[in-house]
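Observations on the model geometry
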Amino acid sequence: MPRFSSEKDLESYRHKVAAGRAPDRRAVAVCAGTGCKAFGSAKLLPVFEAELAKASLKGKIELRATGCHGFCERGPLVLIFPAGRLYTKVKPEDVPEIVREDLAGGRVVERLLYRDPVSGKAYEKEEDIPFYMHQQRLVLKNNGLLDPASLDDYLALGGYRALAKAFAMGPEKVLEEVKKSGLRGRGGAGFWTGRKWEICRAAPGPDKVIICNADEGDPGAFMDRSVIEGNPHSVLEGMLIGAFAIGASTGCVYIRQEYPLAVERLGRAVAAAREAGLLGENILGSGFAFDLRIYRGGGAFVCGEESAMIASIEGRRGVPRRRPPYPAQSGLWGRPTNINNVETWANVPWIIDRGADWYRAIGTEKSTGTKIFSLVGKVNNTGLVEVPMGISLRQIVFDIGGGIPGGKKFKAVQTGGPSGGCLPASKLDIPVDFDTLVREGAMMGSGGMIVMDESTCMVDVARYFLNFLKFESCGNCTSCRDGLYQLHRLFTDIAEGRGSEHTLELVEELARTVKATSLCALGSTAVNPVESTLKYFREEILAHVRDRRCPAKVCKALITYTINDKCNGCTLCAKRCPQQAITGTVKKLHVIDQKKCIKCGICLDVCKQDAVWVE
Amino acid sequence: MCASPASSPRPASVSPAWSGEKAPPLVVGAVERTLVVMPRRCIGCRTCELACSFAHGGPGRMARARIRVHPAGEKRFVQITCLQCENAACAKVCPVQAIARDERTRALVVSLERCVGCGLCEAACPFGHMHFDRETRRAEKCDLCGGNPACAAFCPAKALEYR
Amino acid sequence: MAIRIFIDEQEVKAEPGESVLMVARRAGFDIPALCYHEAVESIGACRLCLVEVRSGARPGISTSCNMKAEDGLRISTDSPEIRRDRATNLELLLLRAPGSPVLRELAARWGVRPRLQPPPDAGIANCILCELCVRVCAALGHNALAAVGRGEKKRVGPAFGKPAEGCVGCGACLSVCPTRCIVMKDTPAARTIWGQSFEFHRCQVCGQPVITEKHRAFAIAKRGLPEDYYDVCEPCKQSQASQRFASVVW
Ligand SMILES: Cc1cc2nc3c(=O)[nH]c(=O)nc-3n(C[C@H](O)[C@H](O)[C@H](O)COP(=O)(O)O)c2cc1C
Ligand code: FES
């Protein structure tokens, strides 16, 4: 890898790399994202290598490991280029067939194609699959196309072109462009990124710092991780452009300890960028100097909050402090600091490369661009989805997510991570943008999206999030630490049949104070799941406290299992009951001893006669 | 007569300004008005102690009076109170700068909001005038009652005067 | 350069950067505050010093101890919302420290009665986890205490859970503790605190305890004091002084 000392150097090298890569070049891309790796995608590579050699295709067909494609649920994923054919759930024993039939023979391996679970229709190309068809991939676009370990790959796709352009534009113009693009922070509150940069740029003090927030503490969220793992240079390039606009010479990436692969890939990208002269002194001959360090966080959720993150990087206990002073005034090591989320940074090269007007055309007026969601829960297609802002929840859940599995009914979708809110079916058609979500009592957060079906109890859900948040509260503020503890306890009371309407009054009173008087956003948003549940699912909660009934049949204390006369006396339930709570002889109606029953639901699962009744 | 009694907190260097034949009064405080202590007039009645304890926390706190009358031989008494030293040991040793000079009265005053109750000053005062209150767990000392010392006001023998 | 802030519509002078709570208290406003101490940095833990900000970009309820005075700031110290939120937070604190006289007095004054179950014991009875002890200990240079754990499992105590090396037995932690929940025991022989025992340095005249040996050694070393600095107790120093003055006067 040469060292680029000017834009010209970079462009001529890019030209050289691109020339060696015909657009219709044949390639096999194996997803090496965390999801696919968990399903064993790493084992596929050596098998492909051996099989390609056997078929004397080695050298003719390129083999590469790529970042996450988002469709993790169907992993391991294998893509065949230039056709763009997608094979799902590929096992090592499928590889010889793929090589023989597809690569050597040009015939599609039908059985490995994605099949729509409802219609049964098979799809050959990635872009035709409904999961992908309704998405608009920008930040994730190159994830499936490049090897995250290869700077060449990134350069061949136009990498660092935006950086060179930024140098030519000058910091003020870059700042104007980002402001004009309407980009808003993807890490939580949706603050205007250009405005934030401007404040930091204007702050007195020559020695500014920028931070990339890769703490990603929301349970079930993995978009930031996938961006870093799949396309680390895009984050670096975004940070470089931002640092140039702000006038920062130092950068930090705060990344979760639990993301070793992301740490490794980002580390490699940083090393490669340094070697190529894209980090360090006088970058591309611009006179601009910038370098960055990677910090590993201990995995506390609250360390994602910016002031706690700064404390943690400085080696102190990760506890938020009061703002103002904002990081832009006095941040890391007392220097003016600008913090943005991974996805925010990764949007920047697009804005500079294509221009603010191009970017603005995506999304809505006040929420521009795309947003990545990690779509999980009771939905057919789980995974990472990137959609234009303003798309409806219904499109995400039903068109992309493929609806609810098992023919069940949609009940709610929780957006915004643990401190987001639960929106009911009546809100399915609202546009997904920063302001609408907040108005409806949820939030964008960092992009968690959990789908719930009719078998989900909302008391249980609220309790789950309260449990998470009380555990992750740093413990500083009375209201957050003890308020969330008490709220969790009250919801436990409701779930266990000890609740009354007085309990609900206490809940509302506490929620108000926790929200109004906690120091950081962990506390002030922690009651969102409670408040949105009370707002949209009040009847269900009242059923718990008034009638001691759990309509979704989840809260164990409020349900009973009985056996009705459909029972044919097969004895299976009695045999499998871990408590020996079921008695009955062969071919006779069985009975559950309520005193012994622990409501584990095994009898319900094993009964073939539909004779177990839950109420 | 307004020279401060001690430029250094060590007892050894008590200023000679108020020693000598004519028995000049001990002068405490500074600039405008000073608390003048005249042991020769003291009759040992302890009214000053009582007045002080009233002024600082009410009756029943006699033990914590910030002025004390000590016998010094037959029918002789010495009233001991804070000298408001120039270079005070208490203020110097305080790790949180809780003892500072009141601009108006020139008294060294303990800020109860700032004192952390570590007790270092009590042990530091060379004259034993700094008191650590075991109940409030804060340092206490003479503050010249904010400019109207009760001890002087109530002294029947005019052995204490604020002038 | 002094600035002006407005507290309940009353104009008050302040220095820029001063804590709003400090300014308000100096001006005679009664704002409850448990975790505030002028000598250390405010962390805003107890959430009782609430005021309502009425100016600037972010109006609303906020703590005053860690709010810096800025020219033109307008706050009010009382409103139904403030009272309600203070009461709720006090209730939460009271569940932790039912034995604290300070909390009980506030509760009586505000008519707060706990309706909830107490959280699990914080290791020290009546501790409200305000970290004043930790902050003061660090400010004094001992760094013997630390806060550990998150959420309701947060604890305060000797760092690493075992008797801390830095502790000198000065007792400042107890002095600043709003609920006085730290257990310190003095016997004629020694002082016991945080699971450690400290021998006293004694008065060379009467033999009464003056200061713990370790605290004396720390102070002498850290502040360059003479070796005999802490050799005489308060009453003995007084009588020594009285003799000396007498000899000067007569
Ligand atoms: C409790 C808490 C946790 C947070 N966790 C994250 C996180 O994991 N990742 C993130 O990017 N932002 C997180 N944030 C938001 C950050 O504080 C900050 O707003 C964000 O990184 C700013 O970047 P942006 O403007 O690009 O969104 C969190 C905030 C709070 C209050
Ligand atoms: S005094 Fe302000 S939060 Fe405790």
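Residues numbered from 1 in each chain as written. Chains lettered and ligands numbered in written order. Predicted model: local features only at pLDDT ≥ 70, side-chain atom pairs only at ≥ 80, totals over all residues. Heavy atoms only, no water.

Topic: the overall build of chain A
In terms of regular secondary structure, chain A is built from 25 helices and 19 strands. Computed over C-alpha atoms, the radius of gyration of chain A comes to 27 Å, within 12% of the 25 Å expected from 2.2 N^0.38 for 615 residues, which places it in the range of a compact globule. In chain A, buried positions account for 60% of the 615 residues. For chain A, contacts bridging at least 24 residues in sequence account for 70% of all contacts bridging at least 6. (Helix = DSSP H or I, 4+ residues; strand = E, 2+ residues; numbered from the N terminus. Rg over C-alpha atoms; globule rule 2.2 N^0.38 Å. Buried < 20%, exposed > 50% of the residue type's maximum accessible area, 1.4 Å probe, protein only. Contact = heavy atoms within 4.5 Å.)

Structural notes on helix 4 (residues 132-139) of chain C
Residues and elements named next belong to chain C. The buried fraction of helix 4 amounts to 6 of the 8 residues, a majority that puts the element mostly inside the structure. Of the surrounding elements, those touching the buried residues of helix 4 are strand 6 (145-148), strand 7 (155-158) and helix 5 (172-176). The first or second residue beyond helix 4 is Gly141, which carries a positive phi of 90°.

A closer look at the pairing of strand 4 (residues 60-63) of chain C
Residues and elements named next belong to chain C. Two elements, strand 3 (residues 50-53) and strand 4, share 4 bridges in a ladder whose sense is antiparallel. In the sheet register, Val53 faces strand 4, and the bridge partner there is Gly60. Counting the residues between successive antiparallel strands, the hairpin from strand 3 to strand 4 contains 6 residues, one of them, Gly56, with a positive phi of roughly 80°. (Pairing = 2+ DSSP bridges.)

Regarding the site of ligand 1
Residue and element names in this part refer to chain A. The local shell around ligand 1 holds 19 residues, among which Gly187, Lys196, Asn213, Asn341 and Thr344 are the closest. Within the backbone of Arg186, an N or O atom sits 3.3 Å from an oxygen atom of ligand 1. At 2.9 Å from an oxygen atom of ligand 1 is found a side-chain nitrogen or oxygen belonging to Lys196. The fraction of the free accessible surface of ligand 1 (610 Å²) that becomes covered by protein chains is 90%. The set of elements that each furnish at least two residues to the shell around ligand 1 consists of strand 10 (337-341) and helix 21 (521-526). The dominant element in the shell around ligand 1, judged by the number of residues it contributes, is strand 10, at 3 residues. (Near = heavy atom within 4 Å. Polar contact = N/O pair within 3.5 Å; in protein donor to acceptor, adjacent residues only side chain to side chain. Areas by Shrake-Rupley, 256 points an atom, 1.4 Å probe, with all protein chains shown as cover.)

With respect to the domain arrangement of chain A
Segmenting chain A into domains produces domain 1 (22-126), domain 2 (159-360), domain 3 (370-453), domain 4 (458-546) and domain 5 (560-614). In this structure, domain 2 of chain A and domain 5 of chain A have C-alpha centres spaced 58 Å apart. (Domains from an automatic or database assignment.)

Observations regarding the layout of surface pockets
If you add up the space inside the second largest pocket, you get close to 1100 Å³. Looking at the second largest pocket, it is lined by 42 residues, and the ones nearest its centre are A:Arg316, A:Arg321, C:Glu41, C:Ser42 and C:Ile43. If you list the elements that add at least two residues to the lining of the second largest pocket, you get helix 13 (306-313) of chain A together with helix 4 and strand 6 of chain C. In terms of residue class, the lining of the second largest pocket is made up of 19 nonpolar, 12 polar and 11 charged. (1 Å grid on protein atoms, 1.4 Å probe; cavity = no way out; pocket = protein on both sides within 12 Å on 5 of 7 lines; lining within 4 Å. Points joined across faces, edges and corners; volume = space filled by probe spheres on them. Nonpolar A, V, L, I, M, F, W, Y, C, P; charged D, E, K, R; others polar.)

Here we look at the arrangement of the chains
Taking contact number as the criterion, the leading pair out of 2 pairs of chains in contact is chains B and C. With no contact between them, chain A and chain B keep their nearest C-alpha atoms 21 Å apart.

Quick word on the side chain of C:Ser175
Summarising the element assignment, C:Ser175 is placed in helix 5. For C:Ser175, a relative accessible area of 1% translates into the label buried. With near-sequence residues (within four places) excluded, C:Ser175 lies in contact with B:Val116, B:Gly117, B:Phe132, B:Arg137, B:Arg138 and C:Arg180.

Considerations on the interface of chain A and chain C
Listed as interface residues are 30 residues of chain A and, on the opposing side, 36 residues of chain C. When chain A packs against chain C, close to 2900 Å² is buried across both sides, 47% of that on carbon and sulfur atoms. Among the residues chain A hides against chain C, the three largest losses belong to A:Arg322, A:Thr478 and A:Arg481. Together they make up 20% of the total. Joining chain A to chain C, the criterion identifies 4 salt bridges. (Buried area = accessible area lost by both parts, 1.4 Å probe. Salt bridge = Lys/Arg side-chain N within 4 Å of Asp/Glu carboxyl O.)

What about the pattern of salt bridges?
All names here are of chain A. Under the counting rule described, the total for this entry stands at 61 salt bridges over all chains. We note a salt bridge from Lys54 to Glu51, for which the minimum N-O separation is 3.0 Å. Here Lys54 and its partner Glu51 are both found in helix 3 (residues 44-54), 3 residues apart, which amounts to about one turn of the helix. According to the relative accessible area criterion, Lys54 is exposed, its value standing at 64%. What makes Glu51 buried here is its relative accessible area of 14%. One salt bridge in this structure joins Arg268 and Glu264, with 2.9 Å as the shortest N-O distance. Linking Arg268 with Glu264, this pair stays in helix 12 (residues 260-275), spanning 4 residues, or about one helical turn. On the basis of relative accessibility, which here comes to 48%, the residue Arg268 falls in the partly exposed class. By relative accessible area, Glu264 is classed as partly exposed at 39%. Three or more residues joined by partner-sharing salt bridges are found here, namely Arg25, Glu62 and Arg64.

Overview of helix 1 (residues 47-55) of chain B
Residues spaced three or four apart along an α-helix face the same direction, because each turn holds 3.6 residues. Residues and elements named next belong to chain B. Looking only at helix 1, the buried set comprises Cys48, Glu49, Ala51, Cys52 and Ser53. On its buried face, helix 1 is in contact with strand 3 (67-71), helix 4 (150-154) and strand 9 (160-162). Looking one or two residues past helix 1, Gly57 carries a phi angle of roughly 115°, positive in sign.

A word on the nonpolar core
Ranked by size, the top nonpolar core spans 73 residues in total, and within it A:Tyr160, A:Leu163, A:Val235, A:Leu278, A:Leu284 and A:Phe290 carry the most contacts. Core analysis: the second largest hydrophobic core is formed by 69 residues, A:Leu558, A:Ala574, A:Cys597 and A:Cys603 among them. (Core = buried A, V, L, I, M, F, W, Y, C linked by side-chain atoms within 4.5 Å.)

Topic: the side chain of C:Arg216
Residue and element names in this part refer to chain C. If you trace the backbone, Arg216 turns up in helix 6 (residues 213-223). You can call Arg216 buried: its relative accessible area is 12%. The residues contacting Arg216, other than those within four sequence positions of it, are His201, Ile211, Glu227, Tyr230 and Asp231.

Comments concerning a nonpolar patch on the surface
Residues A:Phe191, A:Trp192 and A:Ile199 make up a contiguous nonpolar surface patch of roughly 260 Å² in combined accessible area. On the secondary structure map, A:Ile199 appears in helix 9 (residues 193-202). (Patch = residues over 30% accessible without salt bridge, like charges linked within 9 Å, V, L, I, M, F, W, Y side chains within 5 Å.)

What to know about the confidence of the model for chain B
Considering every residue of chain B, the mean pLDDT works out to 79; 78% of them sit at 70 or more. Contacts of residues 1-25 of chain B to residues separated by more than four positions or lying in other chains number 48 contacts, the stretch itself having pLDDT below 50. (pLDDT = per-residue confidence, 0-100.)

Regarding the interface of chain C and chain B
Listed by partner, the interface residues are 34 residues for chain C and 48 residues for chain B. When chain C packs against chain B, the two sides together hide about 3600 Å² of surface, and 58% of this comes from carbon and sulfur. It is C:Gln238, C:Phe245 and C:Trp250 in chain C that bury the most area against chain B; as a group they hold 21% of the surface buried on that side. Counting the contacts that link chain C with chain B gives 0 salt bridges. There are 18 residue pairs in polar contact (both at pLDDT 80 or more) connecting chain C and chain B. Looking at the side of chain C that touches chain B, the elements that each hand over two or more residues are helix 5, strand 11 (209-212), helix 6 and helix 7 (234-249) of chain C. The leading source of residues in the side of chain C that touches chain B is helix 7 of chain C, at 11 residues. Its residues assigned to classes, the side of chain C that touches chain B comprises 20 nonpolar, 7 polar and 7 charged.

Observations regarding the packing of aromatic side chains
Residues and elements named next belong to chain A. Scanning the entire structure with this criterion turns up 18 aromatic pairs over all chains. With a centroid separation of 6.0 Å and 55° between ring planes, the pair formed by Phe398 and Phe410 is classed as tilted. Of this pair, Phe398 sits in helix 16 (residues 393-400) while Phe410 sits in strand 13 (residues 410-415), and the two are 12 residues apart along the sequence. Residue Phe410 is classed as buried on the basis of its relative accessible area of 11%. (Phe/Tyr/Trp six-rings, centres within 6.5 Å; stacked < 30°, edge-to-face > 60°.)

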